[in-house]
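Survey of secondary and tertiary structure
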Amino acid sequence: GAVVSQHPSWVICKSGTSVKIECRSLDFQATTMFWYRQFPKQSLMLMATSNEGSKATYEQGVEKDKFLINHASLTLSTLTVTSAHPEDSSFYICSARALQGTEAFFGQGTRLTVV
Amino acid sequence: QKEVEQDPGPLSVPEGAIVSLNCTYSNSAFQYFMWYRQYSRKGPELLMYTYSSGNKEDGRFTAQVDKSSKYISLFIRDSQPSDSATYLCASKTSYDKVIFGPGTSLSVIP
């Protein structure tokens, strides 16, 4: 399958600071990228869907101003957690797909710990 | 009621056993059904992708979908310790939004 790379794999930050997570499609052009959040022993919860060149569509209950998503190119999307707090500590995972209806591939995830 | 439900386990089986993992879903509009394997601290890996009802086999893995009962199954034959992971079932309509079950933790004991 296609490769989606997520960076960093883990990050620790201080409360109140911002953290940027990158999601790259390495061998295909991703028209759509998805950002998920996963708490321990729980399933993936979709946070937002981003299409290249457009504003992201956020799921109900996800704060747009806190979780900034940028999808400026066909191979890169970023998620910035602004003014992070300990309750934002979680596993963040992106997935990317080329065309609608095709398979989406997942990155390896980023574990964020806010102290 | 959650859209996709799954027994979280944990499920523990001896090596070589046949494993049966199951999910139920509530949304009749779901048309695509997937099984993902997720190792600890890693992103999910797609194992099986099926459309509508029926069976699909890939090596030691068989996926079954019964839309009449809204039931999804994954069978693993000749289970191996390397199969130890969390297995997530997922469904979606013709649009992109994928709904995941909570996952079943599987341990295959040598």
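Placed above this text is the structure.
Rules of the game
- Residues numbered from 1 in each chain as written.
- Chains lettered and ligands numbered in written order.
- Predicted model: local features only at pLDDT ≥ 70, side-chain atom pairs only at ≥ 80, totals over all residues.
- Heavy atoms only, no water.
- Helix = DSSP H or I, 4+ residues; strand = E, 2+ residues; numbered from the N terminus.
- Contact = heavy atoms within 4.5 Å.
- Disulfide = S-S within 2.5 Å.
- Phe/Tyr/Trp six-rings, centres within 6.5 Å; stacked < 30°, edge-to-face > 60°.
- Lys NZ or Arg CZ within 6 Å of the ring centre and 35° of its normal.
- Pairing = 2+ DSSP bridges.
- Axes fitted to C-alpha atoms, helices over the stretch in contact; angles between N-to-C directions.
- Buried < 20%, exposed > 50% of the residue type's maximum accessible area, 1.4 Å probe, protein only.
- Polar contact = N/O pair within 3.5 Å; in protein donor to acceptor, adjacent residues only side chain to side chain.
- Buried area = accessible area lost by both parts, 1.4 Å probe.
- Salt bridge = Lys/Arg side-chain N within 4 Å of Asp/Glu carboxyl O.

Side note on the environment of A:Gln29
Residues and elements named next belong to chain A.
- Mapped onto the elements of the fold, Gln29 is located in the loop between strand E3 (19-25) and strand E4 (32-38).
- Separated by 80 residues in the primary sequence, Gln29 and Gly109 place their C-alpha atoms 19 Å from one another.
- When near neighbours in sequence (up to four residues on either side) are disregarded, Gln29 contacts Leu74, Arg97 and Ala98.

Comments concerning the state of the cysteines
- In total, this model carries two disulfides over all chains according to the counting rule given.
- Covalent S-S linkage joins B:Cys23 and B:Cys89, the inter-sulfur distance amounting to 1.8 Å. Around the S-S axis, the bridge from B:Cys23 to B:Cys89 shows a dihedral of about -100 degrees and counts as left-handed. One end of the pair, B:Cys23, is in strand E3 (residues 19-25); the other, B:Cys89, is in strand E9 (residues 85-92), and 66 residues separate them in sequence.
- There is no disulfide at A:Cys13, and the cysteine sulfur nearest it, in A:Cys94, is 18 Å away.

Here we look at the packing of aromatic side chains
- Using the criterion set out here, one finds 11 aromatic pairs over all chains in the structure.
- By way of ring pairs, the aromatic residues A:Tyr36, A:Phe106, B:Tyr36 and B:Phe100 are connected into one cluster.
- Over the aromatic face of B:Tyr32 sits the side chain of B:Lys92, whose NZ or CZ is 5.4 Å from the ring centroid.

Focus on the sheet that holds strand E6 (residues 54-58) of chain B
Residue and element names in this part refer to chain B.
- The sheet built from five strands is open, its strands ordered E1-E3-E8-E7-E6 with antiparallel pairing. Only two strands of the sheet have a single partner each, and these edge strands are strand E1 (4-6) and E6. If you compare each strand with its neighbour and ignore which way they point, the axes differ by 20 degrees on average.
- Sheet topology places strand E7 (residues 61-66) next to strand E8 (residues 71-76); six bridges connect them, and they run antiparallel. Pairing of Thr62 across the sheet is with Phe75, part of E8.

With respect to the side chain of A:Thr110
All names here are of chain A.
- Relative to the helices and strands, Thr110 resides in strand E11 (residues 110-114).
- You can call Thr110 buried: its relative accessible area is 0%.
- A distance of 2.5 Å separates a polar atom in the side chain of Thr110 from the backbone oxygen of Pro8.
- In contact with Thr110, other than residues within four places in its own chain, are Gln6, His7, Pro8, Ser9, Val11, Ile21, Ser90, Phe91 and Tyr92.

A few points about the interface of chain A and chain B
- Residue-level contacts link 20 residues of chain A with 18 residues of chain B.
- With both chains or domains summed, chain A and chain B bury close to 1,400 Å², and 52% of this area falls on carbon and sulfur atoms.
- We note a salt bridge from A:Glu59 to B:Lys97, for which the minimum N-O separation is 2.6 Å.
- Our count for the contact surface shared by chain A and chain B stands at four residue pairs in polar contact (both at pLDDT 80 or more).
- Mapped by element, the contributors of at least two residues to the side of chain A that touches chain B are E4, strand E5 (44-51) and strand E9 (90-97) of chain A.

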